[in-house]
Amino acid sequence: MARDVQITVDCTDPTRLAGFWAEALGYEVQRPPGGFATWPEALEAFGVPPERHNDASAVVDPDGAGPRVFFQRVPEGKQTKNRVHLDVRAAPGLAGDARMAVLEAEADRLVGLGAARLARFEPAPPLESGHVVLADPEGNEFCLN
C-alpha cells in the first residue's frame, strides 16, 4: 500500500525557511485553516501565545502531487552534514552545457533568495550528469540536478 510522505526539517526559523523552500520548489506556504485569513489570526484564536507563532510552518505543492514539507523549530542549530537531503530537479532531460547552464541560472536565483553555493560537479558520463550543491538559509545542503 502506498503512503503519503511528508518531509520534516528541523530549523530555527520555520517561517523564513518555508518561504525559501516555497520559492525553490514552486510550492506555496500552506494556507491557514478555513475561516481564518492569516496564520497569526488562526493561532491567536487557538490560544497559541505570540512567542510560539513561529514554531512551525509548511509548504505544499499547489498541484497536490509532491510531498508536504514541514518545518519545525528546534533549539539547537545544524551540527553536521545532512545524512538525507533534497534534490531539486531543475534540469530533467537536459545534458552537457545546456544542463549546466540551466542549473547555474537556478543556482543564481536561489542564492538571491538566501541560499549559499557550495560546489559544482561537472558532467562525467555515463554515470554523472553534473549538479550544483547549495545550502538553504540555515545551512541544509541540497543539490540542483
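Placed above this text is the structure.
Computed from a predicted structure; not experimentally measured. (Residues numbered from 1 in each chain as written. Predicted model: local features only at pLDDT ≥ 70, side-chain atom pairs only at ≥ 80, totals over all residues. Heavy atoms only, no water.)

A. Quick look at the packing of aromatic side chains. Per the counting criterion, the structure on display carries 4 aromatic pairs. Summarising the aromatic geometry, the rings of Trp21 and Phe142 are spaced 4.7 Å apart at their centres and angled 65 degrees between planes, so their arrangement reads as edge-to-face. On the criterion of sequence distance, the pair formed by Trp21 in helix α1 (residues 14-25) and Phe142 in strand β8 (residues 141-144) is long-range, its members being 121 residues apart. For the pair Trp21 and Phe142, a shared accessibility class is recorded, and that class is buried. (Phe/Tyr/Trp six-rings, centres within 6.5 Å; stacked < 30°, edge-to-face > 60°. Helix = DSSP H or I, 4+ residues; strand = E, 2+ residues; numbered from the N terminus. Buried < 20%, exposed > 50% of the residue type's maximum accessible area, 1.4 Å probe, protein only.)

B. Focus on the nonpolar core. Of all hydrophobic cores here, the largest spans 23 residues; its most connected members are Trp21, Phe71, Leu110, Phe142 and Leu144. Among the elements of the structure, β1 (6-11), α1, β4 (68-73), α3 (96-112), β7 (131-135) and β8 are those that each provide at least two residues to this core. Looking at this core, the element that brings in the most residues is α1, giving 6 residues. Leaving out residues up to four positions away in the same chain, Phe71 has contacts with Val9, Cys11, Pro14, Leu17, Ala18, Trp21, Asp55, Ala56, Ser57, Ala58 and Val59. (Core = buried A, V, L, I, M, F, W, Y, C linked by side-chain atoms within 4.5 Å. Contact = heavy atoms within 4.5 Å.)

C. Quick look at the pattern of salt bridges. Scanning all chains against the criterion turns up 9 salt bridges. Here Arg109 ties to Glu23 by a salt bridge, and the two come within 3.8 Å at their closest N and O atoms. Taken together, the positions of Arg109 in helix α3 and Glu23 in helix α1 put the pair 86 residues apart, joining distant regions of the chain. On the basis of relative accessibility, which here comes to 32%, the residue Arg109 falls in the partly exposed class. Close ionic contact of Glu28 with Arg31 constitutes a salt bridge, the shortest N to O distance being 3.1 Å. (Salt bridge = Lys/Arg side-chain N within 4 Å of Asp/Glu carboxyl O.)

D. Region of interest: the layout of surface pockets. In this structure, the largest pocket spans a volume of roughly 500 Å³. Looking at the lining of the largest pocket, the element that brings in the most residues is β1, giving 5 residues. Residues of the lining of the largest pocket, tallied by class, amount to 10 nonpolar, 8 polar and 8 charged. The volume enclosed by the second largest pocket comes to roughly 280 Å³. Along the wall of the second largest pocket there are 16 residues; nearest its centre are Trp39, Leu43, His53, Ala56 and Ser57. (1 Å grid on protein atoms, 1.4 Å probe; cavity = no way out; pocket = protein on both sides within 12 Å on 5 of 7 lines; lining within 4 Å. Points joined across faces, edges and corners; volume = space filled by probe spheres on them. Nonpolar A, V, L, I, M, F, W, Y, C, P; charged D, E, K, R; others polar.)

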